[in-house]
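# What the coordinates show
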Amino acid sequence: MKQVYLDHCATTPIDHRVVEAMIPYYSGDYGNASSIHGYGRKARRALEESREQIAQFIGAKYDELFFTSGGTESDNHAVYGIARVRGDKRTSKIVTTAIEHHAILDPVESLHKEGIIAKLVKVDRDGMVDPDDINRELDDDVSLVSVVHANNEVGTIQPLKEIASMCRDRGVVCHTDAVQSVGKISVNVQELGIDLLSMSAHKIYGPKGIGAIYIKKGTKIESFMKGGSQESNRRAGTENVPLAVGFAKAIELCSRLMEEDGVRILRLKQLLRQRIAEQFEEVIFNGHDTKCLPQILNVSFDSTKRLVDGEALIMGLDLHGVAVTSGSACTSGSLEPSHVLLAMGRDELTARATIRFSLGRGTTEEEINYTVDALKEVVERAGKTRKN
Ligand SMILES: Cc1ncc(COP(=O)(O)O)c(C=O)c1O
């Protein structure tokens, strides 16, 4: 059976050039980057060169980039690290949005239980945040604003520059979760004017288990992991040199291929959208039409026109060898409708009848056509037209 992978926002296949770059650091060059002998110095050099390369790619300085275990840890670090440095929990407030990844929402919720004020700003039907809604929340108690750069379910790209500028005017730390945008669209911390940024390697053909956080020089933030002086005392623990090298290689490939990939993938997404629109008149395309990642097409079956069982869709496509998800991979498996789609005003039944297609570097036109044909068969079985 044909296999079509359209779940690149959950994770990407690791590029063979990335694997090749990593292998020497698992075998001959396995030193501990903190050791002062030759093995250690070699590992240290590889680690710092990787840091330099990744920092440069996002317009950061080399000593503003810190390795973590991935996007989740970077997000947690931003939330807890800023909240804790503020000290007085009762007067501290965090402003974020209703469409963040759970790596932001869950730490914010746990701090809220400890007494911090948490404000989730709404979004419009395209999943777009209005910067004025953020601005209205910026009182003297706010310690952190965190807004996802590109949403992982619908792909909408937020007006981050405006939001960061408002935060700067009020002296508030601004963080962005750029896990889905780095390596797919241009992301430059200077141009955006943000203080903290989370990123992850496995979304861009790099290895799983490594990410980074950009921390603008001068930002006061608590260290997350204690127990050693690694990562300039910010994150204790022996550095994972092979993964850092793989991350840097993935970034290098993105710097060369991102633009060309973006154009090609957008054309394929437009084809997918057009073919789906031709086949089914009851679909809603979720996410902003133009301010959107080229990789994501999020489609719902409008429950007022046709009732479709979302899980049956995903399972049905899987039986045709097509891998997609119903929402964020991290929450799939739970039967809850996506909090992102609900925040965008979709009703529960429509939100449940949703597929997120996420395209990647290897996606072909033939795969797109195969997927639409498979979807047609699956929908015939999984859905019935509603009789009004
Ligand atoms: C927007 C966003 N933030 C954070 C994460 C978590 O990243 P990681 O899997 O590297 O922990 C994800 C993963 O899906 C994501 O899409």
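Residues numbered from 1 in each chain as written. Predicted model: local features only at pLDDT ≥ 70, side-chain atom pairs only at ≥ 80, totals over all residues. Heavy atoms only, no water.

## Focus: the pattern of salt bridges
A complete count under the given rule lists 29 salt bridges for this structure. Its salt-bridge partner being arginine 267, residue glutamate 365 comes within 3.8 Å of it at the nearest N-O pair. Residue glutamate 365 is found in helix H12 (residues 365–382), and its partner arginine 267 is found in helix H8 (residues 241–279); the two are separated by 98 residues along the sequence. The salt bridge involving arginine 381 is made with glutamate 377; its shortest N-O contact spans 3.6 Å. One end of the pair, arginine 381, and the other, glutamate 377, are both in helix H12, 4 residues apart, so they sit about a helical turn from each other. (Salt bridge = Lys/Arg side-chain N within 4 Å of Asp/Glu carboxyl O. Helix = DSSP H or I, 4+ residues; strand = E, 2+ residues; numbered from the N terminus.)

## Some words on the site of the ligand
Gly71, Thr72, Asp177, Ser200 and Lys203 are the nearest of the 13 residues found near the ligand. One of the side-chain nitrogen or oxygen atoms of threonine 72 is found 2.6 Å away from an oxygen atom of the ligand. Histidine 202 is positioned such that a nitrogen or oxygen atom in its side chain is 2.9 Å from an oxygen atom of the ligand. When the ligand sits alone it has 390 Å² of accessible area, and the protein chains cover 90% of it. (Near = heavy atom within 4 Å. Polar contact = N/O pair within 3.5 Å; in protein donor to acceptor, adjacent residues only side chain to side chain. Areas by Shrake-Rupley, 256 points an atom, 1.4 Å probe, with all protein chains shown as cover.)

## Brief notes about the domain arrangement of the protein
For the protein, the assigned domains read domain 1 (4–11 + 258–385) and domain 2 (16–253). Distance from the C-alpha centre of domain 1 to the C-alpha centre of domain 2: 28 Å. Taking both sides of the interface into account, the surface hidden between domain 1 and domain 2 amounts to around 2,700 Å²; carbon and sulfur atoms contribute 55%. Put simply, domain 1 and domain 2 have 0 salt bridges between them. For the interface between domain 1 and domain 2, the tally reads 16 residue pairs in polar contact (both at pLDDT 80 or more). Elements with a minimum of two residues in the side of domain 1 that touches domain 2: strand S10 (296–301) and helix H10 (339–343). Here the side of domain 1 that touches domain 2 takes 4 residues from H10, the largest share from any one element. (Domains from an automatic or database assignment. Buried area = accessible area lost by both parts, 1.4 Å probe.)

## Description of the side chain of histidine 101
With respect to the secondary-structure elements, histidine 101 resides in the loop between strand S3 (93–97) and helix H4 (102–113). According to the relative accessible area criterion, histidine 101 is buried, its value standing at 16%. (Buried < 20%, exposed > 50% of the residue type's maximum accessible area, 1.4 Å probe, protein only.)

## What about the packing of H8 against H12?
Where H8 meets H12, the closest approach of the two axes is 10 Å, and the angle between their N-to-C directions is 25 degrees. Relative to H12, H8 is oriented roughly parallel. Considering the relative orientation of H8 and H12, their crossing is right-handed. Contacts between H8 and H12 pair Arg267, Leu268, Leu271, Leu272, Arg275, Ile276 and Gln279 from the former with Glu365, Ile368, Asn369, Val372, Asp373, Leu375 and Lys376 from the latter. For the contact of H8 with H12, the class distribution of residues is 7 nonpolar, 2 polar and 5 charged. (Axes fitted to C-alpha atoms, helices over the stretch in contact; angles between N-to-C directions. Parallel < 35°, antiparallel > 145°, perpendicular 65-115°, else oblique. Left-handed = near helix turned anticlockwise from the far one by under 90°. Contact = heavy atoms within 4.5 Å. Nonpolar A, V, L, I, M, F, W, Y, C, P; charged D, E, K, R; others polar.)

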